[in-house]
Every structure is written in structure tokens, then in C-alpha cells.
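Structure at a glance
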Amino acid sequence: MLSYEVTEHGKPLQVRLRETPKPSGTEIVVRITHSGVCHSDVHLWHGYFDLGEGKRAYLKDRGLNPPLTLGHEPLGIVEAVGPDARGVAVGDRRVVYPWIGCGKCWACDEGLSTLCATPRNVGIATPGAFATHLLVPDPKYLVDVSGIDHAFAATLACSGVTCHSAIAKAIPQMRTDDWITVIGCGGLGLLAISMLKGMGFRNIVACDIDDSKLDAAKEQGAARTVRSDGPQAHDALNQATHGRLAAAIDFVGMPSTFNLPYSVLRKGGTYVLVGLHGGGVSLPLPPVAQRSIAIVGSFVGTLNDLHGVVELAKAGKLQAPPITVKAPGEISNILQELNQHRGVGRTVLDFTHTPANA
């Protein structure tokens, strides 16, 4: 099998020929056909996350060192199954749920693998989908995406579940005339807007610093847009929501993208942090209590979230954001483009014509 690997953080990925895994027990080997490239891959490629004030969380401190095979949005065809694997057959096309827990803790017992303290996430803790083959531990992590465009289906494993989980945290306190804002109209933000629309929400405001992305947000279903870098952005957001901003989902995660919606949220509002761009904020504590504001973190989503997203897509209630399909050999350039925030929508690698032993 071929694997596109991070051999040195921040440097171009290198192609390596590795032994194709052989499944045992309940394991399955999937021949990858499509793999989404997520902005989280940029942080993993760099080797750290920015904590603000000059502090960084390094992968090496978690025991994650090169060579690393990234890629946590896998779609492919089942090529081999272990003797104990049930409910899946060679030739099945499936999207792979990548957020796999230890399987032994309270969180995993309750289907909340995203809260597992020792996860085995694909493309992070275990080899990922920037490769021709992927070893999956159990058939339950394979989801049928028949009828969904293959490139779009791949992105549901991360973008889809991330949006679904964040929306579930944002909407419980919303009322009929309330508004919700999506901060950052990259691939995730655009999908979240479409998902909200598919769930029946119409009062959606999109915020970004790029007019082309705001135009795309309108195409996805945003009722209004706000330039978040404008001199009167707070006033503009407040006016756009008629003072009824009940929830904000931040797909950027920077001090400026926190400060914009936080000051505009109505009493009882919810701010959901998803983005990992980094930095820190300082805020007085009494108003958090006095305004009954909820500040909630949301990291990816559960296997149930993936099933929910796939159901929406199969029902025709989920409009795909703009998707660019590229060859695996372009992965290093794609990571550079993501790092520089260029492009609109998502990029997906097509491994269909990539030989496994080139």
C-alpha cells in the first residue's frame, strides 16, 4: 500500500510503500477511494495547537511523533474482512467513522467516544486515510452512504459529525423568533448552514471576513451575512438578529471570533466553540452568570451523529458545500492552501486511480 506521510512537521509529505494490513478478528481493510482534507490536518501537520500567550500543545507531548499518516475523512470499498467481522462484505462501499475510543471506559460504554480519555482516532492516534488502505477495528464503524456523492460522503466523517454535534449543543434554548450565527464560512461553516436549513431553521446569520465565502453562505441558506472584520461588526450582528441572537457556533476559534458573538448573545444564549485556530480570551466572570450565558466546547461527533448526518443527506436535506477533488500527490499544496485560508468549501483527495504499489 501507499501512504502519504508526515516525516517532518511542516515539510512536504513523503510517499512511502508500506505493507498492506491483514485483518484479524473483527477488523476490516478498506481500499480508500476518497479522503477529505480537514483544517485539523494543518495543525497535525504543523505538530502543535496554539494555546495563546506563546503557549503550544505539541503532538510529541502526547507520544505522537513522525512518521504520521493523517486523514480522518475516509471513504472506500471493503477489500478484506476478518473472520469475526459481521454485517459487511467485500465490495461494500462505506464511509468510516474515525473517532474511535478505547472501548473500555464509561464514555465508550455510553456511545460517547469523543469523551474517551485514551482515544484511537483514525489519522491521529492510528494511521489514517492519506493512504490507499485503512485498517478499521470493527464493522460498526462503517456506514452505508449509498446514493450520496462519493466526495461529499467522505467529508461527513468529520465535517458532518462536527456540525451535527455542534448544532445539537446550540439549539436547545432557541425560541421561534431567535437567530443563530455561524462564525467562519469555510467547509464546516457552509455545511452547518445547510444542515441548519435542512433541520428547519431559517434565521441564520453567516459571519466571515471573505466576501466570496459570505456569498457561498447565502447559497447554502444563510438569511443574512455580516463582515466580521468590519468596524461596526458587533452592531451589524445585533441589528441582523434583532437583538435575538440565541446561539453562535464558532468554526474558527480565535479571540476575535469569540468576542464578536459573545457580546451580542441575548440572555440565556449559547456560544459553541468548534474551531481550533487558537489563542486565548479574558473576560469578567459576573456577566457570564448574570446573563446566563453558556460557553460550550464541541469536538467532532459521535457515531450516532454520523448516522444522523447520513440520514439527512439521503433525504435530500443536506446541500453539499463547494467541493474540489484533487489527486493525492497534491496533498502538500492543499495543506499550504488551507493554512493560508485560500479557497471556498472543501477539498477531497481521489485515490480511485492511485495504484497501491506505485
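Residues numbered from 1 in each chain as written. Predicted model: local features only at pLDDT ≥ 70, side-chain atom pairs only at ≥ 80, totals over all residues. Heavy atoms only, no water.

By the naming in an unreviewed UniProt entry, the chain goes by alcohol dehydrogenase and is assigned to Achromobacter pestifer. In its Cofactor (unreviewed entry) section, the UniProt record describing the chain reads: "Zn(2+)". As stated in UniProt under Sequence similarities (unreviewed entry), the record for the chain gives "Belongs to the zinc-containing alcohol dehydrogenase family." (UniProt positions renumbered as here; feature names shortened; annotations may be inferred.)

This next bit is on the overall build of the chain. Counting secondary structure elements, the chain contains ten helices and 17 strands. For the chain, whose C-alpha radius of gyration is 20 Å, the value lies close to the compact-globule estimate of 21 Å for 358 residues. Taken along its principal axes, the extent of the C-alpha atoms in the chain is 60 × 45 × 40 Å. Contacts spanning at least 24 positions in sequence make up 70% of the contacts within the chain whose residues lie at least 6 apart. The centroid of the 32 positive side-chain charges in the chain is displaced by 3 Å from the centroid of its 32 negative side-chain charges. (Helix = DSSP H or I, 4+ residues; strand = E, 2+ residues; numbered from the N terminus. Rg over C-alpha atoms; globule rule 2.2 N^0.38 Å. Contact = heavy atoms within 4.5 Å. Lys, Arg positive; Asp, Glu negative; His and termini not counted. Charge placed at Lys NZ, Arg CZ, Asp CG, Glu CD.)

Let us now look at the sheet that holds strand β13 (residues 245-250). Overall, parallel pairing links the six strands, which are arranged β12-β11-β10-β13-β14-β15 in an open sheet. Looking at which strands have only one partner, the edges of the open sheet turn out to be β12 (224-227) and β15 (294-297). When strand polarity is set aside, the average angle formed by the axes of neighbouring strands in this sheet is 20°. In this structure, strand β10 (residues 179-183) lies alongside strand β11 (residues 204-208), joined through four bridges in parallel fashion. (Pairing = 2+ DSSP bridges. Axes fitted to C-alpha atoms, helices over the stretch in contact; angles between N-to-C directions.)

Moving on, we come to the domain arrangement of the chain. As assigned here, the chain comprises domain 1 (2-149 + 320-350) and domain 2 (161-297). Taking only C-alpha atoms into account, the centre of domain 1 sits 28 Å from that of domain 2. The interface of domain 1 with domain 2 comprises 16 residues on the first partner and 13 residues on the second. Interface area, domain 1 with domain 2, both sides summed: about 1100 Å², of which 65% is carbon and sulfur. (Domains from an automatic or database assignment. Buried area = accessible area lost by both parts, 1.4 Å probe.)

This next bit is on helix α1 (residues 39-46). Within α1, the full set of buried residues consists of D41, V42, H43, L44 and W45. At its buried positions, α1 is contacted by β3 (28-37), β4 (48-52) and α10 (331-339). G47 occupies a position one or two residues after α1 and carries a positive phi of about 95°. (Buried < 20%, exposed > 50% of the residue type's maximum accessible area, 1.4 Å probe, protein only.)

What follows is about the pattern of salt bridges. Scanning the entire structure with this criterion turns up eleven salt bridges. For the salt bridge of D178 with R244, the shortest nitrogen-to-oxygen distance reads 2.8 Å. Of the two residues, D178 is situated in the loop between α3 (150-170) and β10 and R244 in the loop between α6 (233-240) and β13; the sequence distance between them amounts to 66 residues. By relative accessible area, which is 2% here, D178 ends up buried. Overall, R244 belongs to the partly exposed group, its relative accessible area being 29%. Two residues, D211 and R227, come together in a salt bridge whose shortest N-O distance is 3.2 Å. In this pair, D211 sits in helix α5 (residues 211-220) while R227 sits in strand β12, placing the two residues 16 residues apart along the sequence. With a relative accessible area of 45%, D211 lands in the partly exposed category. What you see here is one network of salt bridges that share partners, running through D92, R94 and D144. (Salt bridge = Lys/Arg side-chain N within 4 Å of Asp/Glu carboxyl O.)

Here we come to the pairing of β10. Across the five residues that make up β10, a large majority, five, are buried. Of the two faces of β10, both are covered, the one formed by W179, T181 and I183 as well as the one formed by I180 and V182. Across five bridges, the pairing between β10 and β13 is parallel. Looking across to β13, one finds that I183 is bridged to D250. Note that the unit made of β10, helix α4 (residues 187-198) and β11 has a crossover that is right-handed. (Right-handed = clockwise from strand over helix to strand, strands pointing away.)

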